[in-house]
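A closer look at the structure
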Amino acid sequence: MNDHAPARSPQDLDDAIAGGIGESPIRPDGALKVRGEYAYSSDLWAEDMLWGVTLRSPHPSARIRSIDVSGALKTPGVYAVLTHEDVPGDNLYGLKDVDQPVLASDVVRYKGEAVALVAADHPETARRARERIDVDYEVLEPVTDAERAAHDETLPKVHPDGNLVRYQPILKGDPEATAEVVVSGTYTLGMQDQAFLGPESGLAIPAEDGGVDLYLATQDLHSDQAQTARALGLPQEKVRMTLSGVGGAFGGREDLSIQVHVCMLALRTGKPVKMVYDREESFYGHVHRHPATMYYEHGADADGRLVYVRAKLYFDGGAYSSKTPVVVGNGTTLGVGPYVVPNVRIEGWGVYTNNPPCGAMRGLGAVQPALAYEAQLDKLAEALDMDPVDVRIRNAISRGESIATGQVLDYPAPVAELLERVRALPMPPERDGTELDIRELPGGASNTTHGEGVYRGVGYGVCIKNICYAEGADDYSTARVRLQALGGEPAAMVHTAAAEVGQGVVTVQQQITRSELGVERVTVHPNDTDVGKAGSSSASRQTYMTGGAVKTACEAVRRRLLDRVAERFGEAFGDLSLAGGKIVSASTGVLTEIVDVLGDEVIEETREYHHRETYPMDAEDGSSERVQVQHAFSAHRAVVDVDVELGLVKVVALDCSQDVGKAVNPDAVVGQIQGGSAQGLGLAVMEEIRVGDGAIRNPSFTDYLIPTILDTPPMKIDVIERGDPNSPYGVRGVGEPPTISSTPAVVAAVRAATGKDLTHVPVSPEHVVDFGE
Amino acid sequence: MKPFDYQRATDTDTAVATVSRNPNARYLGGGTNLVDHMKLGVSSPELLVDVSRLSSDTVETLPDGGVRVGAAVRNSDLAAEPIIRQRYPVLAHALLAGASGQLRNLATTGGNLLQRTRCVYFQDVTTPCNKREPGTGCSALDGYTRYHAVLGSSEHCVATHPSDMAVALTALDAVVHTQGPSGPRSIPVADLHRLPGDEPDRDTVLEHGELITAVDLPALPMAARSNYRKVRDRASYAFALVSVAAAVDIAGDTIRDVRIAFGGLAHKPWRATLAENALRGAPATEATFRTAADAELAEARPLSDNEFKIPMARNTLTSVLRDLTQQEGS
Amino acid sequence: MRLKFTVNGRQAEADDVWEGESLLYVLRERLGLPGSKNACEQGECGSCTVRLDGVAACACLVAAGQVQDREVDTVEGLAGEDELDAVQRAFVDAGAVQCGFCTPGLLVAADDLLERCPSPSDSEIRESLAGNLCRCTGYEKIMDAVRLAADRRAEEARS
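Throughout what follows, the structure given in this document is the object of discussion. (Residues numbered from 1 in each chain as written. Chains lettered and ligands numbered in written order. Predicted model: local features only at pLDDT ≥ 70, side-chain atom pairs only at ≥ 80, totals over all residues.)

1. A closer look at the environment of Val87(A)
All names here are of chain A. The residue Val-87 is located in the loop between β3 (78-82) and β4 (107-108) in this model. C-alpha separation for the pair Val-87 and Pro-101, spaced 14 residues apart in sequence, amounts to 9.6 Å. Once residues lying within four places of it in the same chain are set aside, the contact partners of Val-87 are Val-102, Leu-103, Ala-231 and Met-264. (Helix = DSSP H or I, 4+ residues; strand = E, 2+ residues; numbered from the N terminus. Contact = placed C-beta atoms within 7 Å.)

What follows is the structure, encoded as structure tokens:
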């Protein structure tokens with residue numbers, strides 16, 4: 001039993017509540033989802049609705065001379081064709097810097113930028129009309145090299161103020177320190193796509209008050225609401241948003257996509273309008289993970305203790321800022337990894353180019369440096385003839401020590417323990433060649449090998465990731481909890497705006513409410529903007545933040561209920577608790593039923609939960625007393641078989657140890673770690689958006705490859721709970737770390753199998769194939 | 001997608017007459033390639049004549065010991081056919097290496113042979129492409145070329161043929177039967193597909209309106225000792241970087257006869273006659289295999305991103321031959 | 001055109017269907033059956049998997065005209081009036097559902113597998129589900145769910 005569940009009475013309760021925190025109740029949306037009845041944002045339908053489509057720029061950089069929509073407007077069945085001139089409010093939006101037009105006016109800055117909109121009575125009609133919009137472009141030379149964009153003043157300026165989005169240095173100790181053993185390397189990481197399966201989509205319904213109701217898939221309703229209202233020139237209360245089913249997110253739904261567009265079409269036509277991207281448009285319609293080029297040098301003493309890390313990190317932000325400033329912040333603060341390093345000099349640049357815009361993706365800004373610093377630790381181990389795990393343990397950060405910014409970790413940081421544990425997990429069986437199933441070998445069912453030329457390798461990766469918003473952002477979530485008697489039993493309802501994107505925050509809210517209020521029947525109200533902000537379902541923060549808000553609201557409800565009980569029964573408030581639908585006294589046992597105290601009354605409380613304050617980084621040296629509120633850690637061990645003859649990699653096992661502080665829902669935690677690990681595996685061996693001259697060359701699931709069930713190995717997951725004293729129930733963010741440490745582990749295993757350097761991910765067949773003479 | 005008409009064919013003669021009459025008419029088989037291309041705007045026929053339910057969906061043994069495969073036989077059914085699995089394992093392997101189960105259940109034998117390249121520029125209607133729009137230029141030449149040809153390409157097109165099945169059929173000396181406006185004819189699969197030359201828009205030698213009705217596999221006893229290997233970027237549902245279909249007839253340690261075709265290297269399934277010649281009568285050793293591969297690949301000309309295909313093709317052929325010649329009996 | 005075919009055992013009709021519509025579009029937008037999903041609409045992800053005359057196929061690549069007079073089974077036809085099918089229950093119980101967008105296609109594919117092969121090996125499960133992409137789970141709990149469904153169906157068959 002966990003320490004935080006409501007206290008139990010001395011006598012047994014025969015109707016204890018099932019499904020509280022620490023248990024793994026089934027998802028409340030599970031049955032609907034397996035029936036095919038869960039309404040995703042692309043499933044919505046309204047009487048008399050129109051379909052909206054978007055015309056996008058074919059050029060990565062061009063001046064728009066003119067836009068002629070007359071041909072499109074004449075198409076039968078077309079109700080509206082809109083351009084930048086039709087944007088009712090500010091034609092600009094953005095998560096951090098407000099720098100992206102709703103519809104391009106004078107210039108386009110990337111291939112795929114939205115230029116015009118069409119609404120028609122059939123999607124095909126809308127698409128045909130779109131072909132009849134005539135845009136006259138003056139094509140310009142695109143800026144495509146991020147590193148040059150950071151330094152070369154002679155390049156064209158993508159935005160009027162230049163091409164630098166953020167530069168952040170971190171200096172700690174002696175930046176010019178020297179060491180006995182020095183290893184260095186240059187590492188590059190391709191552009192990764194979130195590849196959520198549910199395409200961007202939504203249904204906008206114009207309202208009688210001149211406003212609009214939008215049903216959509218997003219990670220943050222209020223952020224969308226604020227940006228959309230501003231672009232529509234409407235007060236926020238007239239732009240109401242309700243979350244529909246979300247087919248995955250992984251960061252790709254933090255920025256706006258259809259939101260303003262579909263509302264503009266609905267307001268203009270006075271009809272409901274639905275927009276659904278196809279997969280190709282989805283690749284152009286959302287941001288991606290920043291590609292990076294990273295120069296690293298590590299110095300250590302003869303015992304393998306790190307003396308210094310010096311690094312330069314270049315992040316390609318593409319055409320608009322999106323989360324680039326945060327990527328630079330995370331990338332630099334976490335750039336040395338989960339290690340104690342006395343002397344640090346890290347510089348990070350985030351730049352504008354005419355490549356596709358990059359922004360949030362799971363592991364934001366921490367995925368890129370982890371590839372580099374973990375490769376460096378392996379190089380160091382090799383230079384010192386040390387075991388790769390031992391060299392990591394020797395330098396592992398722990399509670400009471402400081403990260404590069406000087407922030408002291410005042411909570412458990414069990415990095416060494418995780419490494420020990422993952423190393424101790426059972427290894428997959430050796431291939432002995434006797435009972436070969438070719439499906440288990442590199443290439444799988446494509447019958448590529450019968451075991452000859454196949455080498456096995458083992459590799460490790462460990463990482464650090466900040467949880468929640470950072471650098472002084474006011475991070476909070478809001479919960480409204482209602483308790484009442486329904487049909488003779490106590491029932492609670494939770495209302496938040498925390499976007500359920502698949503991760504299971506809907507279940508977590510139920511579990512917390514059950515445990516806090518001792519009631520089994522808990523309904524989660526649909527997520528909408530009728531309740532206060534929850535912030536984004538990102539940064540591994542919703543169990544922490546919205547969990548904290550639900551807990552706080554429940555406590556307020558409980559206080560009101562128990563005040564009344566204390567008065568009526570003459571019991572001390574502190575002796576009372578709720579369990580199994582009953583009110584229990586520590587001294588006298590069960591006092592009464594919750595429903596009897598409630599009668600017809602409804603107790604409702606709304607509370608905000610804020611985490612501890614964080615502070616900005618110093619512009620000169622990056623120092624900050626608390627730049628981030630919490631850090632999470634995971635360690636992976638990958639085992640791979642590599643067919644060097646053909647260049648094929650088969651990941652045989654990808655096991656993980658992770659500290660989650662407190663597993664509110666252990667099964668969901670394991671699901672998050674397995675899913676995150678698979679995304680890291682994808683980045684390691686196959687996922688890359690190929691960008692050439694600013695264009696995406698593989699905008700489909702046939703050409704942009706994500707792991708199938710044949711590419712993904714069995715994954716043993718070892719979860720430990722070293723609670724954070726500052727967070728609700730001691731929870732620690734779960735979702736991101738496994739996406740970070742899995743990639744370097746897989747690459748290290750391939751290096752071990754092949755002896756090749758492998759400085760780029762994804763590792764492709766051409767990187768490992770034996771070229772012969 | 002452009003507007004078009006749809007008709008279901010009731011018999012071959014009418015279908016051929018209908019499509020031959022209209023230069024913008026196309027046959028529709030399983031639809032896995034054509035429907036996708038119509039969505040992308042790569043293909044815009046005025047009329048689709050659905051031949052997927054014509055009667056030729058059977059696999060039958062011919063009097064000479066060969067096997068006739070109806071054009072409408074589904075890829076999954078063909079791969080599961082016992083006679084194919086036993087006598088032509090290379091074909092069953094190739095079929096199962098293609099696409100996914102859901103697509104193999106739709107895709108037909110005739111349609112698979114006629115699937116068009118997966119060149120990313122061919123697929124992207126915003127870029128020039130001589131195959132899609134003759135005379136506009138080839139974007140791949142200076143572009144992203146990991147999947148492109150190293151053999152037999154031209155300055156007009158460097159695309160590769162995407163079918164796995166066709167590679168196996170090429171190695172097996174299969175023959176295609178067609179019904180066209182000028183009557184029926186038979187074409188060896190090896191001659192069905194073209195090299196791009198200066199007409200990359202023409203994938204095959206078929207006339208407009210000519211319909212594939214069946215594919216014949218010759219008796220070819222050595223096909224029982226055959227295999228297909230495909231190197232790709234993930235374990236399922238990815239096009240070949242390189243693939244090899246091969247069959248051998250071995251006596252003692254000597255290769256009496258051999259059939260080899262490469263996939264992923266050229267605008268058509270590449271019958272490796274130079275390698276075959278080098279192997280006939282030669283001892284079954286690693287050195288021979290490599291020499292044979294080098295003979296075939298000597299003319300290979302890589303593009304900026306695909307130099308790796310040459311050693312990869314050599315290694316793949318070597319490993320397939322090693323495997324086939326080391327098998328117990330046949 | 002006027003389209004008539006059988007969906008989940010019932011006769012379905014749709015009028016004014018445009019030839020270029022896919023079976024997926026007809027199911028989702030004309031027949032009120034949005035369970036089959038539209039993740040790629042290019043036959044690349046398996047989220048629209050249905051049974052066409054009993055055989056698993058991607059509904060997005062089937063032109064509307066091609067389903068005339070044929071039988072289509074979708075995820076909506078798996079469950080009984082009240083009871084979920086064993087495969088559906090197993091996916092919920094095993095935690096194989098996160099965002100759920102791949103789930104309908106996987107359920108149809110898994111149902112198809114278990115019909116052909118009631119107690120599949122792990123390799124057979126992976127091979128059969130290789131045409132269905134999932135981005136959330138890493139597939140481990142999907143493997144668990146299919147094994148669980150196979151066990152439960154075997155149990156149901158015994159009792």
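2. So, the sheet that holds strand β6 (residues 134-139) of chain A
One open sheet holds the three strands; their spatial order is β4-β2-β6 (chain A), and the pairing between them is antiparallel. Each edge of the open sheet carries a strand with a single partner, namely β4 and β6 of chain A. (Pairing = 2+ DSSP bridges.)

3. Side note on the pairing of β3(A)
All names here are of chain A. Within β3, five of the five residues are buried, leaving the element largely enclosed by the surrounding structure. Bridge count for β3 against strand β5 (residues 114-120) is four bridges, and the pairing is antiparallel. Looking at the pairing, Val-81 lines up with Val-118 of β5. (Buried ≥ 20, exposed ≤ 12 C-beta atoms within 10 Å, placed from the backbone.)

4. Observations regarding the interface of chain A and chain C
Interfaces are often described in size by the accessible area the parts lose on coming together. Each partner contributes residues to the interface: chain A has 49 residues there, and chain C has 45 residues. Taken together, the elements giving at least two residues each to the side of chain A that touches chain C come down to α1 (30-35) and α15 (666-685) of chain A. Top contributing element to the side of chain A that touches chain C by residue count: α15(A), with seven residues. Looking at side-chain class alone, the side of chain A that touches chain C contains 21 nonpolar, 16 polar and 12 charged residues. (Nonpolar A, V, L, I, M, F, W, Y, C, P; charged D, E, K, R; others polar.)

5. Let's talk about the pairing of strand β14 (residues 306-316) of chain A
Residue and element names in this part refer to chain A. When you tally the buried positions in β14, you get nine out of 11 residues, the bulk of the element. The antiparallel pairing of strand β13 (residues 292-300) with β14 creates a hairpin that spans five residues between the two strands, and Gly-304 there sits at a positive phi of about 85°. In terms of strand pairing, β14 meets strand β15 (residues 343-351) through nine bridges, oriented parallel. Residue Arg-310 lies in a different strand from β15, and its bridge partner there is Arg-345. The β-α-β motif built from β14, the intervening helix α8 (residues 324-333) and the parallel element β15 has right-handed crossover chirality. (Right-handed = clockwise from strand over helix to strand, strands pointing away.)

6. Thoughts on the nonpolar core
One finds Val640(A), Val746(A), Ala749(A), Val90(B), Ala168(B), Leu172(B) and Ala246(B) to be the most contacted residues of the largest nonpolar core, which totals 412 residues. Here Val640(A) is in contact with Gly457(A), Val649(A), Lys650(A), Val651(A), Val652(A), Val746(A), Ala749(A), Val750(A) and Ala753(A), once residues within four sequence places are set aside. (Core = buried A, V, L, I, M, F, W, Y, C linked by C-beta atoms within 7 Å.)

7. Some points on unusual backbone geometry
Residue and element names in this part refer to chain A. Pro-762 follows Val-761 through a cis peptide bond whose omega is 0°. Tracing the backbone through its elements, the reader meets Pro-762 in the loop between β29 (760-761) and α17 (765-768). At Cys-468, a position not held by glycine, the phi torsion is positive, near 70°. You can see Cys-468 is positioned in the loop between β16 (454-467) and β17 (476-486). With 24 C-beta atoms counted inside 10 Å, the residue Cys-468 sits in the buried group.

8. Some thoughts on the interface of chain B and chain C
Facing 22 residues of chain B, the contacting portion of chain C comprises 20 residues. At the level of elements, β1 (5-8), α2 (34-40) and α6 (101-104) of chain B are the ones that each hand at least two residues to the side of chain B that touches chain C. With four residues, α2(B) is the single largest residue contributor to the side of chain B that touches chain C. Among the residues making up the side of chain B that touches chain C, the classes are represented as nine nonpolar, eight polar and five charged.

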